[in-house]
Each structure stands twice: as C-alpha cells, then as structure tokens.
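The lines below spell out each chain.
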Amino acid sequence: MYYFSLCLDGACLAGQAVMHLLFASRLTGKRLKLWHVISYLLLFCTIDRVFAKLAPSGIVSIGAGVCALYGMSRFVLKNQRSLSWLTAILAFYISQLSFGIINSAEAVIFPRYLGTPLLYLLLIAVLAVFFVLCTCCYHVVQKLLSLTAESQTPYLELLLFPGLFFFAAELYILHTAYNFLPPSLSLEEAGKHGALLFLQVMGLAALLCTLYAYRQLCRGFQAQAALQSLTQAAQAQKIYIAEAQTRYEQTKAFRHDIKNHLSVLDGLLNRGALDESKAYLKKLETASNSLSFPYQTGNPVVDILLGEKLGLAKEITAEVALLLPKLCRIDDFDLCVIFANALDNAINACRFSQGARSIYITGKQQGDFYMLTFENTCSEAPLPPAGTGLSNIKSVAEKYRGAVLTEKTGGNFSLHVLLNIS
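Residues numbered from 1 in each chain as written. Predicted model: local features only at pLDDT ≥ 70, side-chain atom pairs only at ≥ 80, totals over all residues. Heavy atoms only, no water.

### Looking at the overall build of the chain
A count of helices and strands for the chain gives eleven helices and five strands. With 422 residues in all, the chain has 39% of them scored as buried. Intrachain contacts of the chain at a sequence separation of at least 6 include 73% that bridge at least 24 residues. If you sum the accessible surface of the chain, you get close to 23900 Å²; carbon and sulfur atoms cover 63% of it. (Helix = DSSP H or I, 4+ residues; strand = E, 2+ residues; numbered from the N terminus. Buried < 20%, exposed > 50% of the residue type's maximum accessible area, 1.4 Å probe, protein only. Contact = heavy atoms within 4.5 Å. Areas by Shrake-Rupley, 256 points an atom, 1.4 Å probe, with all protein chains shown as cover.)

### Some points on the sheet that holds strand β4 (residues 403-409)
Pairing between the strands of a sheet is mediated by backbone hydrogen bonds and can be parallel or antiparallel. Read from one edge to the other, the open sheet built from five strands follows the order β1-β2-β3-β5-β4, with strand pairing classed as mixed. Unpaired on one side and paired on the other, β1 (317-321) and β4 mark the two borders of the sheet. For this sheet, the mean angle separating the axes of adjacent strands, direction not counted, is 10°. The pairing of β1 with strand β2 (residues 358-366) spans five bridges and is parallel. (Pairing = 2+ DSSP bridges. Axes fitted to C-alpha atoms, helices over the stretch in contact; angles between N-to-C directions.)

### Some details on the state of the cysteines
Within this structure, the stated rule accounts for zero disulfides. Between C350, a free cysteine, and C378, which holds the nearest cysteine sulfur, the sulfur-to-sulfur gap is 8.1 Å. (Disulfide = S-S within 2.5 Å.)

### Concerning the pattern of salt bridges
Summed over all chains, the structure comprises five salt bridges. A salt bridge links R49 to D48, with the nearest nitrogen and oxygen atoms 2.6 Å apart. Taking the relative accessible area as the measure of exposure, R49 reaches 46% and is therefore partly exposed. Residue class for D48 comes out buried when judged on its relative accessible area of 17%. Note that R351 and E315 form a salt bridge whose closest N and O atoms lie 3.0 Å from each other. Separated by 36 residues along the polypeptide, R351 in helix α10 (residues 332-351) and E315 in the loop between α9 (300-312) and β1 bring together distant segments of the chain. (Salt bridge = Lys/Arg side-chain N within 4 Å of Asp/Glu carboxyl O.)

### A word on the pairing of strand β3 (residues 369-377)
On a regular strand, each side chain points to the face opposite its neighbour's, so the side chains alternate between the two faces of the sheet. For β2 and β3, the ladder comprises eight bridges, and the chain directions are antiparallel. Note on β3: the bridge partner recorded for I359 is N376. Between β2 and β3, which pair antiparallel and follow one another directly, the connecting turn spans two residues, one of which, G367, has a positive phi of 65°. In this structure, β3 lies alongside strand β5 (residues 412-420), joined through nine bridges in antiparallel fashion. Bridge pairing links T373 to H416 in β5.

### With respect to the environment of G387
Inspection of the secondary structure puts G387 in the loop between β3 and α11 (388-399). Sequence-wise, G387 and N345 are 42 residues apart; in three dimensions their C-alpha atoms are separated by 9.5 Å.

### Some details on the side chain of S82
In this fold, S82 is placed in helix α4 (residues 81-109). Residue S82 is classed as buried on the basis of its relative accessible area of 11%. Every residue in contact with S82, bar those within four places of it in the chain, is listed here: L156, E157 and L160.

### Things to note about the packing of aromatic side chains
Going through the model one piece at a time under the given rule, you end up with eleven aromatic pairs. Here the aromatic rings of F165 and F166 are separated by 5.6 Å at their centres, their planes lie at 65°, and the arrangement is edge-to-face. You can call F166 buried: its relative accessible area is 12%. Among the aromatic residues, those joined into a ring-pair cluster are Y40, F44 and F92. (Phe/Tyr/Trp six-rings, centres within 6.5 Å; stacked < 30°, edge-to-face > 60°.)

### Brief notes about a nonpolar patch on the surface
Where nonpolar side chains cluster on the molecular surface, the patch consists of L34, I38 and L42 and spans about 330 Å² of accessible area. Within the secondary structure layout, I38 lies in helix α2 (residues 34-54). For I38, a relative accessible area of 43% translates into the label partly exposed. (Patch = residues over 30% accessible without salt bridge, like charges linked within 9 Å, V, L, I, M, F, W, Y side chains within 5 Å.)

### Re the packing of α4 against helix α5 (residues 118-144)
Between α4 and α5, whose axes approach to 9 Å, the crossing angle comes to 140°. Comparing the axis directions of α4 and α5 gives the class oblique. Both α4 and α5 take part in a crossing whose hand is right-handed. Facing α4, whose interface residues are L90, A91, I94, S95, S98, F99, I101, I102 and E106, α5 presents V126, V129, F130, L133, C134, C137, Y138 and V141. (Parallel < 35°, antiparallel > 145°, perpendicular 65-115°, else oblique. Left-handed = near helix turned anticlockwise from the far one by under 90°.)

### A few points about the confidence of the model for the chain
Do not read the fine detail of predicted coordinates wherever pLDDT is low. On average, residues of the chain score 83 in pLDDT, and 90% of them are at 70 or above. Confidence scores differ between elements of the chain, with helix α8 (residues 274-291) showing the lowest mean pLDDT of 74 and β3 the highest of 94. (pLDDT = per-residue confidence, 0-100.)

Quick look at the structure:
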C-alpha cells in the first residue's frame, strides 16, 4: 500500500503541475516550451516535498505553489503582474476545488471499502475523475475568460478579490472537514459532507458567473470604444465631404467666371497695360492654386482628404499613383473610412520607423474589382494588435464583397484593400 500511495501521489503531483502550466499558457495565449514544463514540474514537486515536512497542514505548500506558478507566468511567459496572479490563483483554486468535490464523495463511499482490494481500483478511478474534472473546469474558464495579449481586459485586478475569496473558502473547507475521516460515517456526517459538496459546486458556479459577467463587461467596453471611434470617424468624414463639396463649388464658380477674367486681361493687354496685366495674372494664379489639389485621384473627397492628411506629415515622403474609376458605386463616406484609417495607421507607423519615412498609395482596376494598396515604412518590431481602424476598413471591404490583406516584411508594411465596384 505504501508504494501504491507513493506512485499515486507522484502521478497526482505531475498531472497537477502539467495542467497548471497548460492552463496558464492557454489562458494567456503564450506558447509553452518543453523546458518550461520540466522546470515547473521539478519546482512544484520540490515545494510539495519540502513543505510537507515543514508544514504538514498543506496551506503553506499551496501558497508556495501559487507563488511558483506566478513566477513562471510573470518571468518566463512574460505576462503582466495582475494577469499572472489571477492565472495562478484560478489554476490552484480549480485543482483544490476538484480535490474538495472528490473528497466529499470519498468521505461517503470509501470508509466501507477500507482494507479491501477494491480500494485500489477506487483510488485509481478517483484520480482519473479528478483529472477529468480539472480539465473540464479549466476548459470552461478558458472559454469564459480569454486573457491573451490581443484581448482588451480593463480592471483585471477586480477579478483578484473574488478569486481569492473562493480560493480561501475552498482551502478552509479542505483543511477543516477532510483532515480525518472515521472508518464509518453516520447519516448526519454523510449529510454534512453532502452539504459541503453542494457549497463547493455553488462556489464554482459563482466563480463562473463572475467570469461571465466580467467578459460581458469587457465586451461592453470594446463596443463603447468602437462606437466612439466610429462616431468620431463619421464626424470627420462629414467634415471632409462638406469641405470637398465647398471646394468643388468654388472651382465651378471660378471656371464660370474664367471668361470674364480673360476678357479683362484682353482689355488690359490691348491698352498696353503690361504691369496691370502681370498683377492680374498673379491674382488669377493665386486663386487657381488655392483651388487645386496636391493629389489628383478623380474623387474630390479623397483628394482633399489626402491633401490634409499628408500635408500635416511633412517629414514623410508621400507618393500617390491612383485614379479612382468614375463609374464607381462606392459611397464617398466609405472611401473616407478606408483612406482616413489607412493614412492614420501609415503615418503613425512611419513616425516609429528609423531612417527614411515614406508612404506609397496605388490603385489598380481589374474587371469589376479595384485594388487599393497602401505601403509605408515601419519599425522592425512585431506589429501591435489590430485596432478599430483596421476593423473599420474590413467592414467596408466586406460591404462591397471584398477583402483586406496585410503584409509586413522587415521595415515595410503593406495594406491591400480589394473592392467590388460593379
């Protein structure tokens, strides 16, 4: 029985260590390496053996285990401090909860099989049920709470308090109700263990409800941020469209009056007033320059947007080589969404790049499809998570049955936007 218990404890410790680390890596979206698993396995088993002799109650050993998992998450997997604490607490809480549920069942069933060969099979079955229960709980928590670097998790520290409460309550139950089991249980004692089992299941349900509420809260924050961004973008696009229309009306009026200007200039030249003619031509040139666009794409809204966005980024070399088709069913507002967000991202990326900074914008039509390409210099560091701007561009592309593709090669980034213009 001694060697059997030793092997069973070893399998239980090894299984817990592997599950803890797998849970931490999957919950935070970090990839594990073999040496991570081996290091934590040795550390976890060492802590259990050392503290089992120094503090037989087990609470100190569990606390040290939580700290060890925190260290692996914080310094090896490179997670944030609050995220590492939360991951460690949840991992140990679930394993201790599974122990509690199993112990409740053992307290009722096992006393009658003490001293019989069937006890060995029951112990193996209990260990298997423990691993299955842990795996299921970890899977549910992972579904409810994804803490990867791409996810937005504001006020993560708030989850530490309910997590610590559930964890402390579970430890109290384990070390007050299951320290000693008599050979047989009365009906009253069996009822107490049944009540403890019910409380532990309710504790798990309460934790899952808390995580679900937090996930909905995060989604609410994301939706609010996206709505605010869209509202600002919509207001900006309205300003661009209004200004483009104003510029168009001014150009139309200038063209309408050009015959009158030519008549005045002809009269001045006929009278031999060369100085007055030169001054009048200078005024016409100034008026003409104020109405011209630095970039000509065939769409006044896009022209003025390019002029304003790229005009503010004087330290960036910009080249625009595109001509938007005249017979195009794409709304001006949607074009503004694409160009405004793409230019904002490109200008921001250029400012973080070293050396020459450039933006190159091209367009190419093939049949019923039109491909917009935005190329810009950027830093060689990994790209940050996709933001609201790129999501808005993808929404417009999907509206016109198109697609969006991003590429990064060294210090160069490319954004391709395919649109159906038929």
